[in-house]
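Working through the structure, step by step
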Number of protein chains: 2
Amino acid sequence: MTKDEDLPFDPKMLDKMARVCIKFGLNLQHGQDLIITSTVESLPLVRRISEEAYKAGAGVVTTILSDEELSLAKYRYGSEESFDKAPDWIFNGMAEAFGNNTARLAISGDNPMLLSGQNPEVVSRVGKAMSIASKPAMEKITNFETNWNIVSYPGSKWAKQVFPELSEDDAVRKLAEVIFSASRIDGENPLEDLNIHHEQLKKRQEWLNEYSFKSLHYNAPGTDLMIGLADGHAWKGGASMAKNGIICSPNIPTEEVFTTPHAYRVDGIVKATKPLVHRGTLIDGIEVRFEKGEIVEAKATEGEEVFLQLLDTDSGSRRLGEVALVPHSSPISQSGILFYNTLYDENAACHIALGQCYSKCFREEITANPKAIEASGGNSSMIHVDWMIGCDELDIDGITSDGTIVPVFRNGEWANEI
Amino acid sequence: MTKDEDLPFDPKMLDKMARVCIKFGLNLQHGQDLIITSTVESLPLVRRISEEAYKAGAGVVTTILSDEELSLAKYRYGSEESFDKAPDWIFNGMAEAFGNNTARLAISGDNPMLLSGQNPEVVSRVGKAMSIASKPAMEKITNFETNWNIVSYPGSKWAKQVFPELSEDDAVRKLAEVIFSASRIDGENPLEDLNIHHEQLKKRQEWLNEYSFKSLHYNAPGTDLMIGLADGHAWKGGASMAKNGIICSPNIPTEEVFTTPHAYRVDGIVKATKPLVHRGTLIDGIEVRFEKGEIVEAKATEGEEVFLQLLDTDSGSRRLGEVALVPHSSPISQSGILFYNTLYDENAACHIALGQCYSKCFREEITANPKAIEASGGNSSMIHVDWMIGCDELDIDGITSDGTIVPVFRNGEWANEI
């Protein structure tokens, strides 16, 4: 299905998506290079994005294409030693490119269950080797050194996972509709619609930054969690400026405002409200207990082994790196669909992330200084895994430095109009 | 056509091709990494090669996939500045990997006329930028620092170019047959057949190395050319040992024995006997005159502009880097097909190459020493472009250091039985 005429949806929507990627998501500048990562199946979108990039004056557009069967070859036939090896050279090269003002675009449309039939220990080892190898490149992105963007493409395996009852063509058509609608590109003027939406996110962000809460207290069935926020944290959402000076909107769609929790000030219990798909394994029924920022007890009703291995990745993988607020009324949440895809599921619910923090989620005097980030409570890890804890019964209180309690969320919605 | 069931030929032949690639072409060692470059269309072969590589104990197999439409985007929409830029980071990374014992496999199945509709000046600029960027990686290959291999896949555009009168499916089926037969993988035991053939090439190579001719004198209609050979040159052919100690067979198919001419000792006229396809442009009717190793007059009846630009690439692009002997009776020549693909056409006829010499085509004391190579007459350039001069009227004499004349070719065939 890499030819336009074989697509079960209107290919013109991909033209809109490509323009939004380049003009709004990346805000690609004349002369900037671009690295795209994508599956082969997403070529109808990648080709359009590549053309839009050159029309916008791109220097070099380089696409790294992946293929499911190629990815599986190592799991099926690899030697023991191969599981702990990864192609460092390509990630080191990407890191070098990102450091030289190259923009980064990821197209997410993979089969979320690709690795579900593989040995979890092997999946974990291969994943860890990839995390270590990709760290130099990933850090440039988490440190927001360059403008980047991630969008989705309705891959057929993904579509069938989300809509198992439909035929492949119908599933792809349905997923495409949801993606285009959630990404707000289905109107007459997508760029205008996205600007209006991002203005709203900006207002929420400003309201939260004004209060500068010391901590957030989460209450819901199975959840009683106090999340201390990092000293000097800043809330972000929608568009923001990368360190190369370019304002970009990393996620399309996005519904969240988010900041950095304190790696050592999280206490209590929390229950996940949606399953998490990690490296092709479904992890459901997660319940954990935090003590002084660290997960000290953890269980899951499904995929527990993979979840526990994830927590043991490194010294930062049991601590939080992100806390994000998303109202239960967000369009993605209202679709009622479980997407098995972080970009979508994280925008359907309040969530927290294990692992690496975003250095951009700090005030300006801290954000450029790794030591100051650590001293302020910013967590460091090879992983960054989002994990949904929002629902229509979730209440969140903000607690200011003088102990004042301010309602932030009630019954899964913002407690105040803005 | 990336699914097995859509292929118009027997996919089992690809299993044989993949095994031959890994076991014979590359001779991939346990623990070795591998970088594959290929078009998306060749995925049915790449997937099998990737699996065979892991079965043979590969560490990491990394595939860099290209797509025609993505390649064309820059020519169609790129800015002026973009034509002189290339993704250095990926080639630098490959060079690093090849230097660390990573093997290299190229799958050639591209549309040979992809760039034929583009502005020749732009094609030349983009090509030059790519040559400069890829030089660090290409040098590791031309210096034979690691084991490498190139094989072909019957891509549909290529097949239609070779067999324009056939339907796409029939053209692919026909090209596939020719590829499998010329690659000697269509018998019961391809590895044995290839070993026998390579023994023959080895005997020719030994005969030529014993004489160690000072020069070769070519005579044919339109050709009267004296090619001085580099001091301390060595003839190669078929399998040979890369500097990482691994014996590999770079080209499948291969029919040639070849060595290094002296960059400053080539005089006379030569007429090409087949068209050359360079960067998507057909260059036909080439006639040139050499003086002291340099092309001082050049013309072509078709594609002359691109040919002249090629000659002006750098200071080494008007001098020879390779001379290769292929009998007119070689199976590829006998097929009578013009392949528009160097891997095939160069194995159909005696040829010479403009540009970079192969450092392996020297005696051992010279081969590892770039200064000794230069002093011995080895040419240096960003390009290496093969170009066919063989026909059934070609006579070649070898001239020894004491002036003895030894018949090497008569009427396009080896002059002596061995």
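How each quantity is defined
- Within any chain, residue numbers begin from 1 and follow the written order of that chain's sequence.
- Working convention: letters from A go to chains and numbers from 1 go to ligands, in the order in which they are written.
- Where totals are concerned, whole chains, interfaces and linings use all residues; where local detail is concerned, this predicted model gives features only for residues with pLDDT of at least 70, and gives and counts side-chain atom pairs only at 80 or more.
- With hydrogens and water set aside, each side-chain value is computed from the structure's full complement of heavy atoms.
- Under the scheme used here, helices are H or I runs from DSSP no shorter than 4 residues and strands are E runs no shorter than 2 residues, and both carry numbers assigned from the N terminus.
- For the exposure calls, accessible area comes from a 1.4 Å probe over protein chains only, and a residue counts as buried if that area is under 20% of its type's maximum, exposed if over 50%, partly exposed in between.
- Contact definition: two residues touch when any of their heavy atoms are within 4.5 Å.
- We get accessible surface area from the Shrake-Rupley algorithm with a probe of 1.4 Å; when it comes to residues, only the shown protein chains can shield them.
- His residues and chain termini do not enter the charge count, which takes Lys and Arg as positive and Asp and Glu as negative.
- One atom stands in for each charge, and that atom is NZ of Lys, CZ of Arg, CG of Asp or CD of Glu.
- Angles shown run from 0 to 180 degrees and are taken between the N-to-C directions of axes, each axis being a line fitted to C-alpha atoms and, for helices, limited to the stretch in contact.
- If an angle is under 35 degrees, it is roughly parallel; if it is over 145, roughly antiparallel; if it lies from 65 to 115, roughly perpendicular; otherwise it is oblique.
- Should the near helix be turned counterclockwise from the far one by less than a right angle, the crossing is left-handed, whereas a clockwise turn marks it as right-handed.
- Residue polarity follows a fixed list, in which Ala, Val, Leu, Ile, Met, Phe, Trp, Tyr, Cys and Pro are nonpolar, Asp, Glu, Lys and Arg are charged, and the others, Gly among them, are polar.
- The atoms used to superpose the copies are C-alpha atoms, taken from residues with pLDDT of at least 70 in both, and the fit is least squares.
- An expected span of 1.5 Å times one less than the residue number is assigned to each helix.
- Polar contacts, as counted here, are pairs of nitrogen or oxygen atoms within 3.5 Å of one another; within protein the pair requires one atom able to donate a hydrogen and one able to accept it, and residues that are adjacent in sequence qualify only if both atoms are side-chain atoms.
- The aromatic pairing rule takes the rings of Phe, Tyr and Trp, using the six-membered ring of Trp, and pairs them if the centres are within 6.5 Å, calling planes under 30 degrees apart stacked, those over 60 edge-to-face and the rest tilted.
- When the NZ atom of lysine or the CZ atom of arginine is within 6 Å of a ring's centre and also within 35 degrees of its normal, the charge is said to sit over that ring.

1. Concerning the overall build of chain A
Secondary structure assignment for chain A yields 13 helices and 20 strands. Its C-alpha atoms put chain A at 60 × 50 × 45 Å along the principal axes. The buried share of chain A, taken over its 418 residues, is 61%. When contacts within chain A are restricted to residue pairs at least 6 apart in sequence, long-range pairs at least 24 apart make up 76% of them. As displayed, chain A has an accessible area near 15,900 Å², and 47% of this comes from carbon and sulfur atoms. Here chain A carries 40 positive and 62 negative side-chain charges, and the mean point of each set is 3 Å from the other.

2. Examining the packing of helix 1 (residues 12-25) of chain A against helix 8 (residues 190-211) of chain A
All names here are of chain A. Where helix 1 meets helix 8, the axes come as close as 10 Å, and the angle between the chain directions of the two elements is 50°. The angle between helix 1 and helix 8 places the two elements in the oblique class. When the axes of helix 1 and helix 8 are compared, the crossing they make is right-handed. Taken together, the residues of helix 8 that come into contact with helix 1 (itself represented by K16, V20, K23 and F24) are P190, L191, L194, N195 and H198. Each residue belonging to the contact of helix 1 with helix 8 can be placed in one class, and the counts come to five nonpolar, two polar and two charged.

3. Section: the relation of the copies chain B and chain A
Expressed as a screw transformation, the operator carrying chain B onto chain A has a rotation angle of 180° and an axial translation of 0.0 Å, and the superposed copies differ by an RMSD of 0.0 Å. Viewed as a symmetry operation, the transformation between the two copies matches a two-fold axis. The fraction of interface residues of chain B whose copies in chain A are also interface residues reaches 100%, indicating that both copies meet through the same surface.

4. Here's the deal with helix 1 (residues 12-25) of chain B
Think of an α-helix as turning once every 3.6 residues; residues three or four places apart then point the same way. All names here are of chain B. Taking 1.5 Å per residue as the helical rise, helix 1 with its 14 residues ought to reach 20 Å, and the 18 Å between its terminal C-alpha atoms agrees with that figure. Across the 14 residues that make up helix 1, a large majority, 10, are buried. M13, L14, K16, M17, A18, V20, C21, I22, F24 and G25 are the residues of helix 1 that are buried. Just downstream of helix 1, N27 is the residue with a positive phi angle, here 55°.

5. So, the side chain of T39 of chain B
Residue and element names in this part refer to chain B. Tracing the backbone shows T39 in strand 1 (residues 34-39). Given a relative accessible area of 11%, T39 falls into the buried group. Engagement of the side chain of T39 in a polar contact is seen with the side chain of S42, the distance being 2.8 Å. In contact with T39, other than residues within four places in its own chain, are L65, S66 and D110.

6. Remarks on the side chain of H351 of chain A
All names here are of chain A. Within the secondary structure, H351 sits in strand 16 (residues 351-355). Reaching out from H351, the side chain makes a polar contact with the side chain of E256 at a distance of 3.0 Å. A polar side-chain atom of H351 sits 2.9 Å from the main-chain carbonyl oxygen of E346. With sequence-adjacent residues up to four places away left out, H351 is seen in contact with E256, E322, V323, A324, V326, E346, D386, W387, M388 and I389.

7. Notes on the packing of helix 4 (residues 88-99) of chain A against helix 4 (residues 88-99) of chain B
Axis separation between helix 4 of chain A and helix 4 of chain B bottoms out at 9 Å; the angle between their running directions is 145°. For the pair helix 4 of chain A and helix 4 of chain B, the crossing hand works out as right-handed. Contact residues: helix 4 of chain A offers W89, I90, N92, G93, M94, E96 and A97 of chain A, while helix 4 of chain B offers W89, I90, N92, G93, M94, E96 and A97 of chain B. For the contact of helix 4 of chain A with helix 4 of chain B, the class distribution of residues is eight nonpolar, four polar and two charged.

8. A short note on the packing of aromatic side chains
Scanning the model with the defined rule gives 20 aromatic pairs over all chains in all. Ring centres 6.1 Å apart and planes at 55° place the aromatic pair F307 of chain B and W387 of chain B in the tilted group. In this pair, F307 of chain B is assigned in helix 9 (residues 304-311) and W387 of chain B in strand 17 (residues 384-388), connecting sequence segments 80 residues apart. Taken as a pair, F307 of chain B and W387 of chain B share a single burial class, namely buried. Centroid distance F339 of chain B to Y344 of chain B: 5.0 Å. Interplanar angle 35°. Geometry classified as tilted. Note on accessibility: F339 of chain B and Y344 of chain B belong to one class, buried. The ring of F144 of chain A carries the charged tip of K360 of chain A above its face, separated from the ring centre by 4.3 Å. In this structure, K55 of chain B is placed above the aromatic ring of Y77 of chain A, and the distance from its NZ or CZ to the ring centre is 4.7 Å.

9. Side note on the environment of E188 of chain B
Residue and element names in this part refer to chain B. The residue E188 is located in the loop between helix 7 (168-182) and helix 8 (190-211) in this model. By relative accessible area, E188 is classed as exposed at 82%. For the pair formed by E188 and L354, sequence separation is 166 residues and the distance between their alpha carbons is 38 Å.

10. Overview of helix 2 (residues 43-55) of chain A
Along its 13 residues, helix 2 of chain A runs 18 Å from first to last C-alpha, staying within 8% of the 18 Å computed at 1.5 Å per residue. The element helix 2 of chain A is largely enclosed, with a buried count of 12 among its 13 residues. Turning to helix 2 of chain A, its buried residues number three or more, namely L43, P44, L45, V46, R47, R48, I49, S50, E51, E52, A53 and Y54 of chain A. On the buried face of helix 2 of chain A, the contacting elements are helix 1, strand 1 (34-39), strand 2 (61-66), strand 3 (103-108) and strand 4 (148-152) of chain A together with helix 3 (68-77) of chain B. Once helix 2 of chain A finishes, G57 of chain A follows within two positions and takes phi at roughly 95°, a positive value.

11. Considering unusual backbone geometry
All names here are of chain A. In this chain, I252 is followed by P253 through a cis amide linkage whose omega measures 0°. Its location among the elements puts P253 in the loop between strand 8 (247-248) and strand 9 (257-259). Of note in this structure, N411 is not a glycine but carries a positive phi near 50°. Locating N411 in the fold gives a position in the loop between strand 19 (405-410) and strand 20 (413-414). Overall, the relative accessible area of 52% leaves N411 in the exposed class.

Remember, this is a structural readout, not a statement about activity or role.
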